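# Survey of secondary and tertiary structure
Residues per chain are reported as follows:
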Amino acid sequence: EAAPTGGDRPGGTLPAVAVLVSGSETAMEEALWCVRLGWPLIVVEGTGGTADAVAWATARENRRHFVPNPKLMEIAREGYVETVRLGDVDGKILQAMLERLFNGMENATAWRSTG
């Protein structure tokens, strides 16, 4: 099965970002896949499941702790993860996060022009 590229278009691909809300072991696999593809991952903390586990593992104060789950460890150590608390989600915060995530990327203007 071919990995998704973020949306093919003439002249290249559109940038992609994944959003993780709650989730089970399947969500953990999908988040890991996104990390391996180099996609930024937005995690909505406070929704439970995989999202809360990733939020905990990627929190600055927890980075020195051992993470016994190898998938979670890879996401935390290799992924470009932004975490937002569920109660803090609104349009301006999401836009600021997307700007940080895509800052410096070759196709950063693509999402701005379509968003």
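Figured I'd write up the structure that's included with this text.

Parameters and conventions
Residues numbered from 1 in each chain as written. Predicted model: local features only at pLDDT ≥ 70, side-chain atom pairs only at ≥ 80, totals over all residues. Heavy atoms only, no water. Core = buried A, V, L, I, M, F, W, Y, C linked by side-chain atoms within 4.5 Å. Buried < 20%, exposed > 50% of the residue type's maximum accessible area, 1.4 Å probe, protein only. Helix = DSSP H or I, 4+ residues; strand = E, 2+ residues; numbered from the N terminus. Contact = heavy atoms within 4.5 Å. Expected span 1.5 Å × (residues − 1). Axes fitted to C-alpha atoms, helices over the stretch in contact; angles between N-to-C directions. Left-handed = near helix turned anticlockwise from the far one by under 90°. Nonpolar A, V, L, I, M, F, W, Y, C, P; charged D, E, K, R; others polar. Salt bridge = Lys/Arg side-chain N within 4 Å of Asp/Glu carboxyl O.

So, on to the nonpolar core. A general tendency of soluble globular proteins is for nonpolar side chains to be buried together. Formed by 21 residues in total, the largest nonpolar core has its most connected members in Leu20, Leu41, Val43, Val54, Leu72, Ile75 and Val81. When residues of this core are traced back to their parent elements, those giving at least two are β3 (18–21), α1 (25–37), β4 (41–45), α2 (49–58) and α3 (70–78). Ranked by residue count, the leading element in this core is α1, at six residues. Apart from the residues within four sequence positions on either side, Val54 is in contact with Leu20, Val43, Leu72, Ile75 and Val81.

We now examine α1. If you check α1, its first and last C-alpha atoms are 19 Å apart, about what 13 residues at 1.5 Å a residue would give, namely 18 Å. Considering only its buried residues, α1 is in contact with β3, β4, α2 and α3. Directly after α1, the chain includes Gly38, whose backbone phi takes a positive value near 85 degrees.

Between two packed helices, what matters for the description is the angle formed by their axes and the separation of those axes. Here α1 crosses α3 at 35 degrees, and the two axes come no closer than 9 Å. Here α1 runs over α3; the crossing is left-handed. On α3, the residues that touch Glu25, Met28, Glu29, Ala31, Leu32, Val35 and Arg36 of α1 are Lys71, Leu72, Glu74, Ile75 and Glu78. Residues belonging to the contact of α1 with α3 are distributed by class as follows: six nonpolar, no polar and six charged.

Moving on to the environment of Ala59. Looking at the secondary structure, you find Ala59 in the loop between α2 and α3. A residue is classified by how much of its surface remains accessible, and Ala59, at 17% relative accessible area, is buried. Ala59 sits 22 residues away from Val81 along the chain, and the two C-alpha atoms are 9.7 Å apart.

As a further point, take the pattern of salt bridges. Scanning the entire structure with this criterion turns up four salt bridges. Its salt-bridge partner being Glu29, residue Lys71 comes within 2.2 Å of it at the nearest N-O pair. Separated by 42 residues along the polypeptide, Lys71 in helix α3 and Glu29 in helix α1 bring together distant segments of the chain. Between Arg36 and Glu74 there is a salt bridge whose closest N-O contact spans 2.9 Å. One end of the pair, Arg36, is in helix α1; the other, Glu74, is in helix α3, with 38 residues separating them in the sequence. Here Arg36 falls in the exposed class, since its relative accessible area comes to 57%. We classify Glu74 as partly exposed; its relative accessible area is 24%. Where salt bridges share partners, they join Glu25, Glu29 and Lys71 into one cluster.

Everything listed here is a matter of geometry and, on its own, says nothing about what the molecule does.
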